[in-house]
Amino acid sequence: MKPRILTFASHYLPGFKGGGPIRTMASLVDTLGDEFEFILVTQDRDLGCSEPYFGIEANAWQQIGKAKVCYLSPERLAWPSLRQLISNTPHDILYLNSFFSLQFGILPLLFRRCGLIPKKPTIMAPRGQFSAGALQLKPRKKRAYIHFVKALRLHASLLWQVSSSHEKEDLYTVFGAGPESETKLKVVVASNLPNITHLTPLPARSKKSGTIRIVFLSRISPKKNLAGALSFLSGVKGDV
């Protein structure tokens, strides 16, 4: 029997507007899906969309690649339905991919703290949500929730997964924990797995002095700071 990982992700395939976390989760499932059984719970629509995905059956388990996925409709995102779903879905590990999402991070942590769901090892992957730039978006709400988590110790015994040493330092900054602190966090640095299945080699390019071609590959969001990048480039001399 493969270990069963009940995974909560705010957005998943075929969505794309949620940006990098969707691709990160898809690559993880594609790479490790033969060794682990991924059971993934997500929303039935893309970020910011009012209509559900075409051709996807809501509120039912279906095989998507190497994962079994349940796409929840808005009415099934209420806390009683989520608690029942976690309790009734056999799993060995609970894997949360958002710290600030109500349905996909906050409520599962509350259920866990109150003993309303089976006590299983729980992994929290904040996906860059503790970076200084990310925390500047809706800062009051985020600060209030962080204080709430600390007061109730919702983060107790979590295993934190971060993708870099920089993200690890961001986590320590938020929770006041570090190598010299009395409050130790269980943190594992695991870089995001690239999806190299469909990559093809590109021809080599020669660099011409005084010219540069730049591609910005990302969703358009204040967190990505495209405006800042453009302002820096405006001062560059040459053909950009």
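Description of the structure in this document. (Residues numbered from 1 in each chain as written. Predicted model: local features only at pLDDT ≥ 70, side-chain atom pairs only at ≥ 80, totals over all residues. Heavy atoms only, no water.)

1. Brief notes about the layout of surface pockets
When its volume is computed, the largest pocket comes out at roughly 1,200 Å³. Lining the largest pocket are 41 residues, and of these Ser98, Arg127, Gln129, Arg219 and Lys223 lie nearest its centre. Elements represented by at least two residues in the lining of the largest pocket include exactly helix 1 (20-32), helix 3 (102-113), helix 5 (139-152) and strand 7 (159-162). The element best represented in the lining of the largest pocket is helix 1, accounting for 5 residues. A breakdown of the residues in the lining of the largest pocket according to their chemical character gives 15 nonpolar, 18 polar and 8 charged. Considered as a void within the structure, the second largest pocket measures approximately 340 Å³ in volume. Around the second largest pocket, the lining comprises 18 residues; the ones closest to its centre are Leu28, Leu32, Tyr95, Gln161 and Ala190. If you list the elements that add at least two residues to the lining of the second largest pocket, you get helix 1, strand 5 (93-96) and strand 7. (1 Å grid on protein atoms, 1.4 Å probe; cavity = no way out; pocket = protein on both sides within 12 Å on 5 of 7 lines; lining within 4 Å. Points joined across faces, edges and corners; volume = space filled by probe spheres on them. Helix = DSSP H or I, 4+ residues; strand = E, 2+ residues; numbered from the N terminus. Nonpolar A, V, L, I, M, F, W, Y, C, P; charged D, E, K, R; others polar.)

2. Quick word on the pattern of salt bridges
Enumeration according to the criterion identifies 3 salt bridges in this entry. Put simply, glutamate 37 and arginine 4 hold a salt bridge, and the shortest N to O gap is 2.9 Å. Note that glutamate 37 is positioned in strand 2 (residues 37-43) and arginine 4 in strand 1 (residues 4-8), a separation of 33 residues in sequence. Between arginine 45 and aspartate 44 there is a salt bridge, with its nearest N and O atoms 2.7 Å apart. In this pair, the class of arginine 45 matches that of aspartate 44, namely buried. (Salt bridge = Lys/Arg side-chain N within 4 Å of Asp/Glu carboxyl O. Buried < 20%, exposed > 50% of the residue type's maximum accessible area, 1.4 Å probe, protein only.)

3. Thoughts on the pairing of strand 7
Where strand 6 (residues 122-124) and strand 7 come together, 2 bridges link them in parallel fashion. Of the residues in strand 7, the one forming a bridge with methionine 124 is tryptophan 160. Note that strand 7 and strand 8 (residues 186-189) share 4 bridges and pair parallel. Bridge pairing links valine 162 to valine 189 in strand 8. (Pairing = 2+ DSSP bridges.)

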